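Given next are the chains, with one letter for each unit.
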Amino acid sequence: MKIIIVGLGQIGSLLAQRIPMENHDATVIDADKEKIEDITNLYNVNGICGSGASREILLKAGAATADIIISVSSVDEVNLMSCMIAKDCGTRYAMAKIDQPELSGDKDYLKNAFQIDSIINPKLETALEMHRQIFVPGELKADAYFSDVATIIRLRLTEKLVPARGLPMKEIKGVFGTDMLIATVTRGRKLYIPKGDFVLQADDVVGVIAADTAIPQIAARLGAAHKPVKRAMLVGGGTTAYYLGRKLLEDHKSVTILESDAKRCAELAELLPEANVSCANGIDTEILLEEGLEQMDSCISMTGKDDTNMVISLFAWSMGVKSIITRINTTAYEKLLNKVNIDITILPALISANHVLGFIRNLAVHNEKGNDIQCLYQLAGGMAEATEFIAYDNCRKLGIAFRQPELQLKKDILIAMIIHEGQVIIPDGNSRIQQGDRVIVISKKGNGLNTLNDIFHG
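A short tour of the structure in this document, coming up.

About the cut-offs
Per chain, the residues get numbers from 1 upward, laid out in the order the sequence is written. Only residues with pLDDT of 70 or above have their local features reported here, since the model is predicted, and side-chain atom pairs are shown and tallied only from 80 upward, although totals for entire chains, interfaces and linings are computed over all residues. Working from all heavy atoms in the structure, the side-chain values ignore hydrogens and water. Any two strands with at least two DSSP bridges between them are considered paired. Runs of H or I in DSSP of at least four residues are treated as helices and runs of E of at least two as strands, each being numbered from the N terminus. The axes used here are C-alpha line fits, helices contributing only the stretch in contact, and every angle between their N-to-C directions lies in the interval 0 to 180 degrees. The criterion used for residue contact is that any of the two residues' heavy atoms lie within 4.5 Å. Two N or O atoms count as a polar contact when they lie within 3.5 Å, although within protein this holds only if one can serve as hydrogen donor and the other as acceptor, and sequence-adjacent residues are included solely when both atoms are side-chain atoms. A pair of aromatic rings is counted whenever rings of Phe, Tyr or Trp (Trp by its six-membered ring) have centres within 6.5 Å, and the orientation is called stacked for planes under 30 degrees apart, edge-to-face for over 60 and tilted otherwise. Buried residues are those whose accessible area, probed at 1.4 Å on protein chains only, stays under 20% of the maximum for their type, while exposed residues exceed 50% and partly exposed ones sit between those limits. By definition here, charges over rings are those cases where NZ of Lys or CZ of Arg is within 6 Å of the ring centre and within 35 degrees of the ring normal. Here a salt bridge means any side-chain nitrogen of Lys or Arg lying within 4 Å of a carboxyl oxygen belonging to Asp or Glu. Each nonpolar core is a collection of buried residues, namely Ala, Val, Leu, Ile, Met, Phe, Trp, Tyr and Cys, held together in the definition by side-chain atoms within 4.5 Å. For this classification, under 35 degrees means roughly parallel, over 145 means roughly antiparallel, 65 to 115 means roughly perpendicular, and everything else is oblique. Crossing handedness is read from the near helix: turned anticlockwise from the far helix by less than a right angle, it gives a left-handed crossing, and turned clockwise, a right-handed one. Residues are grouped as follows: nonpolar covers Ala, Val, Leu, Ile, Met, Phe, Trp, Tyr, Cys and Pro; charged covers Asp, Glu, Lys and Arg; every other residue, Gly included, is treated as polar. One less than the number of residues in a helix, times 1.5 Å, gives the span that helix is expected to have. By convention in this document, the label disulfide applies to cysteine sulfur atom pairs within 2.5 Å.

Attention now goes to the sheet that holds strand β20 (residues 413-420). If you walk across this open sheet you meet the 5 strands as β18-β19-β22-β20-β21, and the pairing is antiparallel. Each end of this open sheet is capped by a strand with a single partner; those strands are β18 (373-379) and β21 (423-425). The sheet shows a mean angle of 20° between the axes of neighbouring strands, taken without regard to direction. Note: β20 against strand β22 (residues 438-444), 6 bridges, orientation antiparallel. Considered in β22, the bridge of isoleucine 419 is made with arginine 438.

Structural data, given as structure tokens:
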């Protein structure tokens, strides 16, 4: 497909890297000539310098015959205009990034008025991911969420997390005493999608998929359980903090927000009257302690600077805060935090890129029943993917038991879970896919799965 990307911020740059890897032709637009030159030198994309809201520039980028425009500039209004003009020029589908709460609140109106097929709100999506992570035991990183009933958690098998080491996969479930599956294993720089005879070793990083109701038992068996979060400190008062603070207050949690800008503090105090909003510099350790950091169950650092967020998280860790979440924008900082066992990092650009790629894959193969892909996640540092499919009546393998030879999966693909009428099933040889099931598939990077039928041989 021919795809236009407007805006080379963090999301646009990541898409410029990943979309060509999915065998699509991409053209990027940005007003910064240096960014265009850098991206076109790094990745297999075409580049045009100019405004994404210019009809002339869009036509030059191929809007008359493009399949999709993805407008992810830093200005919501530019994204809306880009999509509307591109659709008028002939582009078939449009996706826009909208961050402002006052604009994103009425998606149906925006879609109709500006001819937009899909809207992403990175700040809201980031807040929702943080909200989910806050309630996962502190040493476990939640990597993926499915239909609000299941999660993939990631952990490293250190000396403390002993139970699963040295055992083959087929015996792991008995150790934890609950239904679960180890879906991925990262050993050094190598990824494994393990079979029944695979044996875990110390320092393996494993991805465990289980029903949400089973996560506390798994955490307790690993010695990673923690008390429920009642008090949370949010350092940085941007739009993401507003979304997250609102969600936590709806859960009847105590919320403290630190923000250095006095005008923004006044806005937050009005928007979130139940929160404790303080005009303070979150990087000042004395202020953090005065605001009660040591008594907090969770600290979420989300200022506009990665290095500031890292310092805040490291200080919270030194003060014994159990749940620490760090918003960062560069993977290099993520690796640095992991070295000191602060694994819970959130990368907003990655969240949005996964959303966009799911949208693109659904458009790649038309299905009159609806979207095959419900969500898409990168796992194991981008070496694997978890995809949630819906099994429509055109699925070729409905009703066939997994043990039957005619149900054969392609290489490096695993059906990790079936969600049948809200019930979570870790499949075995007797399991069957039924119409309407949600099917969670784990695959190595590069399999290019667009539909559930793509996972089967024959």
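Our focus in this paragraph is the sheet that holds strand β16 (residues 323-327). Taken together, the 6 strands give an open sheet; going across it, the order is β14-β13-β12-β15-β16-β17, and neighbouring strands pair in parallel fashion. In this open sheet, the two strands that pair with only one neighbour each are β14 (276-279) and β17 (345-346). Summarising the sheet, strand β12 (residues 231-235) and strand β13 (residues 254-259) pair through 5 bridges and their orientation is parallel. Each bridged residue has a counterpart across the sheet, and for arginine 231 the counterpart in β13 is serine 254. Strand contacts of helix α7 (residues 122-134): β15 (298-301), β16 and β17, with the helix running at about 160° to β16, the strand carrying the most contacts.

Looking now at the side chain of arginine 264. Checked against the element boundaries, arginine 264 lands in helix α11 (residues 262-271). At 3.3 Å, the side chain of arginine 264 and the backbone oxygen of glycine 238 are in polar contact. Not counting the four nearest positions on each side in its chain, arginine 264 is found in contact with Gly237, Gly238, Thr239, Tyr242, Glu259 and Leu271.

Below, the discussion takes up the packing of aromatic side chains. Across all of its chains, the model carries 3 aromatic pairs by this definition. Here phenylalanine 146 and tyrosine 377 contribute two aromatic rings whose centre-to-centre distance is 5.7 Å and whose plane-to-plane angle is 85°, an arrangement assigned as edge-to-face. Of this pair, phenylalanine 146 sits in strand β7 (residues 141-146) while tyrosine 377 sits in strand β18; the two residues are 231 residues apart in sequence, bridging distant segments of the chain. The exposure class assigned to phenylalanine 146 is buried, which follows from its relative accessible area of 0%. Look at tyrosine 377 and you get buried, because its relative accessible area is 14%. Both rings, one in tyrosine 192 and one in phenylalanine 198, keep their centres 5.1 Å apart while their planes meet at 50°; by these two values the pair is tilted. Exposure remark for phenylalanine 198: the relative accessible area of 13% places this residue in the buried category. One residue, arginine 132, lies across the ring of tyrosine 145, its end atom 4.5 Å from the ring centre.

All chains considered together, the criterion is met by 13 salt bridges. What emerges from the salt-bridge pattern is a single network uniting Glu22, Arg361 and Glu385.

Of all hydrophobic cores here, the largest spans 47 residues; its most connected members are Phe146, Ile182, Leu200 and Ile442. Of all the elements, strand β11 (residues 205-211) adds the most residues to this core, at 5 residues. When near neighbours in sequence (up to four residues on either side) are disregarded, phenylalanine 146 contacts Ile152, Ile209, Cys375, Tyr377, Ala386, Glu388, Ile419 and Ile440. Core analysis: the next-biggest nonpolar cluster, separate from the first, contains 25 residues, Ile3, Ile5, Leu8 and Leu376 among them.

A word on the environment of serine 298. With respect to the helices and strands, the residue serine 298 is situated in strand β15. The exposure class assigned to serine 298 is buried, which follows from its relative accessible area of 0%. Considering only alpha carbons, one finds serine 298 and valine 255, 43 residues apart in sequence, at a separation of 9.9 Å.

Bringing the packing of helix α1 (residues 10-18) against helix α15 (residues 348-364) into the picture now. Here α1 crosses α15 at 50°, and the two axes come no closer than 9 Å. Taken as axis vectors, α1 and α15 run oblique relative to one another. You can see that α1 and α15 cross each other, and the crossing is right-handed. The segment α1 lies against α15, with Gln10, Ile11, Leu14, Leu15 and Arg18 engaging Ala349, Leu350, Ser352, Ala353, Asn354, Val356 and Leu357. A breakdown of the residues in the contact of α1 with α15 according to their chemical character gives 8 nonpolar, 3 polar and 1 charged.

Among the secondary structure elements, asparagine 354 is positioned in helix α15. Not counting residues up to four positions away in its chain, the partners in contact with asparagine 354 are Arg18, Leu376, Tyr377 and Gln378.

Looking now at helix α10 (residues 239-250). Between its terminal C-alpha atoms α10 stretches 17 Å, which fits the 16 Å expected from 12 residues at 1.5 Å a residue. Turning to α10, its buried residues are Thr240, Ala241, Tyr242, Tyr243, Leu244, Gly245, Leu248 and Leu249. Positive phi shows up at histidine 252, right after α10, with a value of about 65°.

Our focus in this paragraph is the state of the cysteines. Taken as a whole and judged by the stated rule, the model has 0 disulfides. Cysteine cysteine 265 is unpaired, with the sulfur of cysteine 279 as its nearest cysteine sulfur at 4.0 Å. Given a relative accessible area of 7%, cysteine 265 falls into the buried group.

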